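Residues per chain are reported as follows:
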Amino acid sequence: MTASHAVTAPSLAATQRRIWMLAWPIMLSNITVPLLGLADSAVLAHLPDPQHLGAVAIGAQLFTLLLWSFGFLRMGTTAVTARAAGAQQQAQVIESLQHSLWLVLPICLLVMAAAFIALPWLLPLMGGSDNVQSGAAEYLSIRLLSAPAVLAQYVLTGWFIGLGKTRIPLLILTLVNSLNAVLDYLLVFHAGMTSDGVALGSVLADYSGLIAALYFARRHGLQSLGVRPPLITLRPLLRINRHLFVRTLCLLLVFAFFTAQGARMGELTLATNALLITALLLISNALDGFAHAAESLTGHSLGQADSGQLRQTLLLTGLNMLGLAATLTLALWLAGPYLLSLMTSQPELLPQLQRYQHYLFWLPLVGVASYWLDGVFIGAQASAAMRNAMLAAALLVFLPVWWLSREWGNDGLWWSFYAFLTARALFAINTFLTLWRRPQNFM
């Protein structure tokens, strides 16, 4: 028994160190994500006319919504790269990046077509005066020029995570956010621009980030994009990405439905739910550090056909995420009154936030299992299971629970969302147990 412990303990400790080395740069990177919008808002908030701030707020939200739908580029690239890196197949590692980058061009065309069709009717739904609407449209017309850079960065970020090089996305995001803040200041206060200057600054920062990402990719073996791959070569990647796209679209529709139902209950309920969901996104960003570590290490373990290492990865990433979720819940409970006062100073809104604050406090623990399993399944290339769990949770749990609890008002809406998060994990548990017991099925 002593000999067994001598072998096992260092292995567990080494895996734990590796998880933390992968996770902390992602956590720090995700914390910097809101800084991009904060820099834009801070600059425009010093202008005498508040319409420019409103225009950028609406335009940036629509841009993020449109591009987030194609976040599968990041996840799909991580899945394929991690598996190839674990198997020490350097040629396949480079090909995974080249193939994903080749997908960016057609997806960019799809983004532009979607923007052309959807934005004219989405903009009025966002509200605001005619001047705000006009400013938002101008912002988007410029900001969409960065779509190729943003989508390519999705791919490159996924590739670096698949390689286990999570510090590189942190460096790139730091560069993009810093440059964006400087350009905002120069273009608005020295070039006499307004929301159009903020959009242009973001475009220039995004392309600078892409150049930096390509520089690091070149240092890790990428020499060129290679020749355009035939469709048959892209089929595995397309299959993974197809499932992930459906999964992401379903998630976006759940959030949209949640927001719409809150809006039907009045402006105060809409504002309350919007603030709590914003806090949820920050929570998920924090937990994503360990989820991304699970993606990378699960893929590496399967690529190496090492079932022992795989089980260590599953166990330790799960325990780390659970511990962080419990810590976040405790911190939210202790800092509740202070946190709510930071969210708003409006006397009508603050009591509403206090009324529903307990839903925010328990969100980390309610959602942690589904976030963790997403990371595990991306690494295992089990994207079909992710899609199926998401669809089942939305159609068989979220909507029925909402329908049955409508008389409870906003409480019923939140309980349906809690049920949705829980069901995502429950519908995925069978696939997870198969991965734990028979990992060879995924190798």
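This one's a predicted model, so the numbers in the text were calculated from it and none came from an experiment.

Chemist: Hey, could you run me through a nonpolar patch on the surface in this one?
Modeler: On the surface, Trp20, Met21, Trp24, Leu28 and Ile31 cluster together into a nonpolar patch covering about 490 Å² of accessible area. As for its placement among the helices and strands, Trp24 is situated in helix 1 (residues 2–44).

Chemist: What am I meant to see in unusual backbone geometry here?
Modeler: With the exception of glycine, most residues fall at negative phi, and the peptide bonds are largely trans. The phi dihedral of Gln88 falls on the positive side, at around 55°, and the residue is not glycine. For Gln88, the location among the structural elements is in the loop between helix 3 (72–86) and helix 4 (90–125). Note on Gln88: relative accessible area 70%, which makes it exposed. For Ala305, which is not a glycine, the phi torsion comes out positive at approximately 55°. Along the chain, Ala305 turns up in the loop between helix 10 (267–303) and helix 11 (307–334).

Chemist: Would you mind going over the pattern of salt bridges with me for this structure?
Modeler: Here the structure, examined in full by the defined rule, presents five salt bridges. With its nearest N and O atoms 2.6 Å apart, the salt bridge here joins Arg74 to Glu295. Here the residue Arg74 occupies a position in helix 3, and Glu295 occupies one in helix 10, the gap between them amounting to 221 residues. Under the relative-accessibility criterion, Glu295 is labelled buried at 2%. In this structure, the salt-bridge partner of Asp411 is Arg355, at a minimum N-O distance of 2.4 Å. Residue Asp411 is found in helix 15 (residues 410–437), and its partner Arg355 is found in helix 13 (residues 349–379); the two are separated by 56 residues along the sequence. The class of Arg355 is partly exposed, set by a relative accessible area of 39%.

Chemist: Which parts of the structure should I look at to understand the side chain of Asn320?
Modeler: With respect to the helices and strands, the residue Asn320 is situated in helix 11. Other than its neighbours up to four places away in sequence, Asn320 contacts Gln16, Ile19, Trp20 and Phe290.

Chemist: Got a minute to help me understand helix 10 in this structure?
Modeler: Its 37 residues give helix 10 an end-to-end C-alpha distance of 51 Å, which sits within 8% of 54 Å, the value for a rise of 1.5 Å per residue. Bending of helix 10 peaks at approximately 40° at the position of Asp288. Ala305, located one to two residues past helix 10, shows a positive phi value of around 55°.

Chemist: Sorry if this is basic, but what is going on with the packing of aromatic side chains here?
Modeler: The description of two aromatic rings rests on the distance between their centres and on the angle between their planes. A complete count under the given rule lists 23 aromatic pairs for this structure. When the centroid spacing of 6.1 Å and the interplanar angle of 35° are considered together, the rings of Phe417 and Phe420 count as tilted. One end of the pair is Phe417 and the other is Phe420, both in helix 15 and three residues apart, which spans about a single turn. Note on Phe417: relative accessible area 1%, which makes it buried. Arg355 extends its terminal NZ or CZ atom over the ring of Tyr356, reaching a point 4.6 Å from the ring centre. Geometry around Trp403 places Arg406 over its ring, the cationic atom sitting 3.5 Å from the centre.

What counts as what
- Residues numbered from 1 in each chain as written.
- Predicted model: local features only at pLDDT ≥ 70, side-chain atom pairs only at ≥ 80, totals over all residues.
- Heavy atoms only, no water.
- Patch = residues over 30% accessible without salt bridge, like charges linked within 9 Å, V, L, I, M, F, W, Y side chains within 5 Å.
- Areas by Shrake-Rupley, 256 points an atom, 1.4 Å probe, with all protein chains shown as cover.
- Salt bridge = Lys/Arg side-chain N within 4 Å of Asp/Glu carboxyl O.
- Helix = DSSP H or I, 4+ residues; strand = E, 2+ residues; numbered from the N terminus.
- Buried < 20%, exposed > 50% of the residue type's maximum accessible area, 1.4 Å probe, protein only.
- Contact = heavy atoms within 4.5 Å.
- Expected span 1.5 Å × (residues − 1).
- Bend = angle between axes of the 7 residues up to and from the residue.
- Phe/Tyr/Trp six-rings, centres within 6.5 Å; stacked < 30°, edge-to-face > 60°.
- Lys NZ or Arg CZ within 6 Å of the ring centre and 35° of its normal.

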